[in-house]
Amino acid sequence: MLDGILQGFAVAADPINLLYVFLGVLIGTTVGVLPGLGPTATIALLLPLTYTIEPATAVIMLAGIYYGSMYGGTITSVLLRLPGEAAAVVTTFDGYQMARQGRAGPALGIAAVGSFVGGTLAVAGLTLLAPLLASVAVSFGPPEYVAITVLGILLVTYLGSGSTFKSLCSAGLGLLLATIGQDPITGTTRMTFGQVSLFDGLDFVAVAMGLFGVGEILHSLERSGKLDAITSKIKKVWPTKADFRQSSGAIARGSLLGFVIGIFPGGGGVVSSLASYALEKRRAKDPSRFGKGAIEGVAGPETANNASSTSAFIPLLTLGIPANVVLALIFGALLMQGVTPGPEMITERPDVFWGVIASMYIGNLMLLALNIPLVGAFVRLLRVRAGILAAFALMLTMAGVFSVNNDPFDMWVVLAFGVLGWLMKKTGFEPGPLVLAFVLGPIMEQSFRQTMLLSDGSLGIFLHRPVSAAVFAVVCLVLVVTVVAAVRRGRGHAEQPAADAKEKVPTRT
């Protein structure tokens, strides 16, 4: 492990890689500040660029964008009450109230410190845990990968921010789209409708850039409007000793909670920040302070979402399973480079494995150095018109997707999925489960077909293997909890109108 991390720092300390770490956290913070863009759309737009640089350099930059955007979203949450990134929605509860009280500086400062601490501690945990998990995962076979991919898709749909039913529909569509192309075992074509361009399936870059690039652009333009931002000069960004005393426990708990939640597929920043906020409110001596400018309500969630964005790399690097949609895009970037994430990555491509981990230590330091003194500069980005950004992003999208394969068909795919992504946003369907299922679908299908060949078509093999049996037990538990919760909600909705009607019935005197 020590040799590996030293090799990683040697990779990360290369001048080119240091430049890309800086660009990653700078771009990430910037897109986090701009409402409606976010890390998913940005990484989707930059996928063609990664094809022209080294794999380690590409992932180092994309990782920097991911955890950098986690802090950038805080600025708009505090000053606009509008989260620039989904994980920052919890910060609006108390961060905006602190800004209205003239304490925007300490709110942004404690968020930067918490993000640094949470991210650094999570990287330390990643350094210790990833090699151990990779050594265990080497023994995994097709049955285990079927179970893990099923659990990943299920948790993403169950823990998503929207309706569970709509998330399942999105995941089902993603699995269906993943079957287009050649059969992984027999090589016969499926659902190609005679189109030669579909023989290799839909291009992942085109699908991702359409859903999150064009789709987000259209959606952001539709809902953009005038926002009342607190754009006065930010003073006293560095928190006081009293602020640190109030926030130290929240930062420590947020680091641990975010790290644990981020490991599981579907966890992500939204779930970890919500869990941290609920924990701090429950532990508080005076819970009524929350929602009125409690600094713990900013420190805990911000620490948790940065910690979870780092620990989410554990299943990607060790199992080859992306924990969320952003990691699915980074997974696609690695595949484009000919690097397959998984248990063998630590021995076959140690430069990528350890280089990415080491770069996170450096990236968190850069993030702290950028965000404390340059808060005022990032605030000025709020004045950029949405139409200018949209036109520029759309031009980059179309040029970028064509540059990958030089195939005009991919440009039509981008436009089609852009319209689909826009319609999904309008109707409440999250595109995240679709992309994750599209990435995990081929892994699940190939592993399932291989499992059936090994067992002569018997499904009992999943129960005879301890790991796959345990994972499927968790799958069954999640399904049971979901069904029970849905039934209880249904009964509650049915009983409420009856109770209201009973109250309205006049009584005889």
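Each value, and the rule that gives it
- Residues numbered from 1 in each chain as written.
- Predicted model: local features only at pLDDT ≥ 70, side-chain atom pairs only at ≥ 80, totals over all residues.
- Heavy atoms only, no water.
- Helix = DSSP H or I, 4+ residues; strand = E, 2+ residues; numbered from the N terminus.
- Buried < 20%, exposed > 50% of the residue type's maximum accessible area, 1.4 Å probe, protein only.
- Areas by Shrake-Rupley, 256 points an atom, 1.4 Å probe, with all protein chains shown as cover.
- Axes fitted to C-alpha atoms, helices over the stretch in contact; angles between N-to-C directions.
- Left-handed = near helix turned anticlockwise from the far one by under 90°.
- Contact = heavy atoms within 4.5 Å.
- Nonpolar A, V, L, I, M, F, W, Y, C, P; charged D, E, K, R; others polar.
- Core = buried A, V, L, I, M, F, W, Y, C linked by side-chain atoms within 4.5 Å.
- Phe/Tyr/Trp six-rings, centres within 6.5 Å; stacked < 30°, edge-to-face > 60°.
- Lys NZ or Arg CZ within 6 Å of the ring centre and 35° of its normal.
- Salt bridge = Lys/Arg side-chain N within 4 Å of Asp/Glu carboxyl O.
- Parallel < 35°, antiparallel > 145°, perpendicular 65-115°, else oblique.
- Expected span 1.5 Å × (residues − 1).
- Polar contact = N/O pair within 3.5 Å; in protein donor to acceptor, adjacent residues only side chain to side chain.
- pLDDT = per-residue confidence, 0-100.

Participant: Explanation requested: the overall build of the protein in the structure shown.
Facilitator: A count of helices and strands for the protein gives 22 helices and 2 strands. Scored against the burial criterion, the 509 residues of the protein give a buried share of 54%. Element-wise, carbon and sulfur atoms account for 65% of the exposed surface of the protein, whose accessible area totals about 22300 Å².

Participant: I'm lost on unusual backbone geometry in this one. Help?
Facilitator: Most peptide bonds take the trans form, and the phi angle of most residues other than glycine is negative. A positive phi angle is found at M191, which is not glycine, with a value near 55°. Looking at where M191 falls in the secondary structure, it is placed in the loop between β2 (189–190) and α9 (204–223). Of note, the phi angle at D456 is positive, near 55°, even though the residue is not glycine. Tracing the chain through its elements places D456 in the loop between α20 (431–454) and α21 (461–464).

Participant: Looking at this model, I keep getting lost on the packing of helix α6 (residues 104–137) against helix α12 (residues 296–311). Mind explaining?
Facilitator: A pair of packed helices is captured by two measures, namely the crossing angle of their axes and the spacing between those axes. Packing of α6 against α12 brings their axes to within 7 Å, and their N-to-C directions diverge by 35°. For α6 against α12, the interelement crossing comes out right-handed. Together, A107, I110, A111, G114, S115, G118, G119, A122, V123 and L126 of α6 and V298, A299, E302, T303, N306, A307, T310 and S311 of α12 make up the contact between the two elements. Within the contact of α6 with α12, the residues separate by chemical class into 9 nonpolar, 8 polar and 1 charged.

Participant: Quick question: what am I supposed to make of the side chain of E144 here?
Facilitator: Residue position: E144 is located in helix α7 (residues 142–158). Not counting chain neighbours up to four residues away, the residues in contact with E144 comprise R465, V467 and S468.

Participant: Whenever I open this one, the nonpolar core confuses me. Can you help?
Facilitator: Side chains of a nonpolar character, in soluble globular proteins, are inclined to be buried together. Counting 97 residues, the largest nonpolar core has L202, F204, L211, F313, I357 and M360 as its most contacted members. Among residues more than four places away in sequence, those in contact with M360 are A63, Y67, V123, L126, T310 and F313. Counting 18 residues, the second largest nonpolar core, distinct from the first, contains V78, I110, A112 and I295.

Participant: Explanation requested: the packing of aromatic side chains in the structure shown.
Facilitator: Applying the stated rule across the entire model yields 6 aromatic pairs. For the pair F9 and Y361, a centre-to-centre distance of 5.7 Å together with 35° between the ring planes defines the contact as tilted. With F9 in helix α1 (residues 2–12) and Y361 in helix α16 (residues 350–371), this residue pair connects regions lying 352 residues apart in the sequence. A residue is classified by how much of its surface remains accessible, and Y361, at 22% relative accessible area, is partly exposed. Taken together, a centroid distance of 5.4 Å and an interplanar angle of 75° make the contact between F462 and F472 edge-to-face. Highlighted residues: F462 in helix α21 and F472 in helix α22 (residues 466–504), separated in sequence by 10 residues. What makes F462 buried here is its relative accessible area of 7%. Members of the aromatic cluster, connected to one another through ring pairs, are F448, F462 and F472. Positioned above the aromatic ring of F429, the side-chain terminus of K166 is 5.3 Å from the ring centre.

Participant: When you look at the side chain of Q97 in this model, what are you seeing that I'm missing?
Facilitator: Among the structural elements, Q97 can be located in helix α5 (residues 91–100). Residue Q97 is classed as buried on the basis of its relative accessible area of 17%. Here Q97 is in contact with G291, K292 and G293, once residues within four sequence places are set aside.

Participant: Please clarify how α5 should be interpreted in this entry.
Facilitator: Residues lying three or four places apart along an α-helix face the same way, a consequence of the helix completing one turn every 3.6 residues. Most of α5 sits inside the fold, with 8 of its 10 residues counted as buried. Taken together, the buried positions of α5 are occupied by T91, T92, D94, G95, Y96, Q97, M98 and A99. Looking one or two residues past α5, G102 carries a phi angle of roughly 85°, positive in sign.

Participant: Is there a simple way to think about the pattern of salt bridges in this case?
Facilitator: Where charged atoms from two side chains of opposite charge approach closely, those side chains can pair. Enumeration over the complete set of coordinates arrives at 9 salt bridges. Here R190 and E445 are joined by a salt bridge, their closest N and O atoms 2.6 Å apart. Of this pair, R190 sits in strand β2 while E445 sits in helix α20; the two residues are 255 residues apart in sequence, bridging distant segments of the chain. With a relative accessible area of 18%, E445 lands in the buried category. Salt bridges linked by common partners bring D183, R190, E445 and R449 together as one network.

Participant: I would appreciate a short explanation of the packing of α1 against α16 in the present structure.
Facilitator: Relative orientation of the contacting elements α1 and α16 amounts to 75°, with a least axis distance of 7 Å. On the basis of the axis angle, α1 is roughly perpendicular to α16. Contact with α1, carried on its side by G4, I5, Q7, G8, F9, V11 and A12, involves P350, D351, W354, G355, I357, A358, S359, Y361 and I362 of α16 and no other residues of that element. Tallied by class, the residues present in the contact of α1 with α16 amount to 10 nonpolar, 5 polar and 1 charged.

Participant: What's the story with helix α2 (residues 15–33) in this structure? I'm lost.
Facilitator: The end-to-end C-alpha distance of α2 is 27 Å, a good match for the 27 Å that 19 residues give at a rise of 1.5 Å each. Two to three positions downstream of the cap, the backbone nitrogen of I16 sits 3.0 Å from a side-chain oxygen, assigning the N-cap of α2 to D14.

Participant: Would you explain the confidence of the model for the protein in this entry?
Facilitator: Predicted coordinates in areas of low pLDDT are best not read in detail. On average, residues of the protein carry a pLDDT of 78, and 82% of them reach 70 or more. Mean pLDDT across the elements of the protein ranges from a minimum in helix α17 (residues 375–380), with 67, to a maximum in α21, with 87. For residues 226–231, every residue scores under 50 in pLDDT, and the model assigns this stretch 12 contacts once sequence neighbours within four places are set aside.

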